[in-house]
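The chain contents come next:
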Amino acid sequence: MTTPRDIHAYLAEFEDIPGTRVYTAKRARKGYHLNQFAMSLMKPENRARFKADEAAYLDEWKLTPAQRAAVLARDYNAMLDEGGNIYFMAKLFSTDGQSFLQAVGTMTGMSTEDYQAMMVAGGRSPDGVRSRREQAALAAVADAASEITNTPVPDGAADEERR
């Protein structure tokens, strides 16, 4: 039998995975209105109203300023950070005439073609840094190493210092 774990500590571990946003209950609560907005785009009349005046349509939803800005900028990574669910966000990029492949490709900084080729080849490599804490530690070591200077010691100077 396993020992009980603190659920909050367990869920916090998900935040350590670089480039990954695990859709937890906390994230779902944060993004409730954002996701409801996205789901509203399933109806043709709502898509037409949104396309006619995005800002006015968004005024009808209880979005946070960050959620609203993310939608207007089509910043899907920011929408996920603000509690958006990628499958609900699909309603938005479909409204814009984008495929899932095109929209998700924009989230990687890659071209659609490069993203598609990577996925067809098996996706991202599992090799590399697997935690944000590990990334931060490696960055700190690199910063410290960059401050080290390799100044040559004049002949005999090391002997003088030891005396």
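Each value, and the rule that gives it
- Positions within a chain are numbered from 1, following the residues in the order the chain's sequence is written.
- Local features in this predicted model are restricted to residues whose pLDDT is 70 or higher, and side-chain atom pairs enter the listing and the counts only when it is 80 or higher, whereas totals over whole chains, interfaces and linings include all residues.
- Each side-chain value is worked out from all heavy atoms of the structure, with water and hydrogens disregarded.
- Each axis is a line fitted through C-alpha atoms, and for a helix only the stretch in contact is used; angles between axes span 0 to 180 degrees, taken between their N-to-C directions.
- Think of it this way: any DSSP run of H or I at least four residues long counts as a helix, any run of E at least two long counts as a strand, and we number them from the N terminus.
- Throughout this description, any angle smaller than 35 degrees is read as roughly parallel, any larger than 145 degrees as roughly antiparallel, any in the 65 to 115 degree range as roughly perpendicular, and the remainder as oblique.
- A crossing counts as left-handed when the near helix is turned anticlockwise from the far one by less than a right angle, and as right-handed when that turn is clockwise.
- Residues count as neighbours in contact if any of their non-hydrogen atoms are within 4.5 Å of one another.
- Polar here means any residue other than Ala, Val, Leu, Ile, Met, Phe, Trp, Tyr, Cys and Pro, which are nonpolar, and Asp, Glu, Lys and Arg, which are charged; Gly is therefore polar.
- Think of a salt bridge as a Lys or Arg side-chain nitrogen and an Asp or Glu carboxyl oxygen that are within 4 Å of each other.
- Grouping buried Ala, Val, Leu, Ile, Met, Phe, Trp, Tyr and Cys residues that are joined through side-chain atoms within 4.5 Å yields what is termed a nonpolar core.
- When accessible area is computed with a 1.4 Å probe and restricted to protein chains, residues below 20% of their type maximum are described as buried, those above 50% as exposed, and intermediate ones as partly exposed.

*Asks:* Sorry if this is basic, but what is going on with the packing of helix α3 (residues 32-40) against helix α8 (residues 86-95) here?
*Replies:* Relative placement of two packed helices is described by the angle separating their axes and the distance separating the axes. At a closest axis distance of 8 Å, the pairing of α3 and α8 adopts a crossing angle of 45°. Classified by the angle their axes make, α3 and α8 are oblique. In this structure, α3 meets α8 at a crossing whose hand is left-handed. Contacts from L34, N35, F37, A38 and M39 of α3 reach α8 at F88, M89, K91 and L92. Of the residues assigned to the contact of α3 with α8, the class counts are 7 nonpolar, 1 polar and 1 charged.

*Asks:* How do you make sense of the pattern of salt bridges when you look at a structure like this?
*Replies:* Two side chains with opposite charge may pair up if their charged atoms get near one another. Going through the model one piece at a time under the given rule, you end up with 6 salt bridges. With its nearest N and O atoms 2.3 Å apart, the salt bridge here joins E60 to R49. Here E60 is found in the loop between α5 (54-58) and α6 (65-73), whereas its partner R49 is found in helix α4 (residues 44-52), with 11 residues between them in sequence. Ionic contacts of the salt-bridge type, sharing partners, join the residues E54, R74 and D96 into one network.

*Asks:* Where do I start with the nonpolar core in this structure?
*Replies:* Side chains of nonpolar character tend, in soluble globular proteins, to be buried together. Counting 23 residues, the largest nonpolar core has F37, F50, V71, Y76, M79, M89 and L92 as its most contacted members. Secondary-structure elements contributing two or more residues to this core are α3, α5, α6, α7 (76-81), α8, α9 (100-106) and α10 (112-120). Per-element tally for this core: the top contributor is α8, with 5 residues. Residue contacts for F50: discarding those within four places in its chain leaves F37, L41, Y57, L58, V71, R74, L92 and T95.

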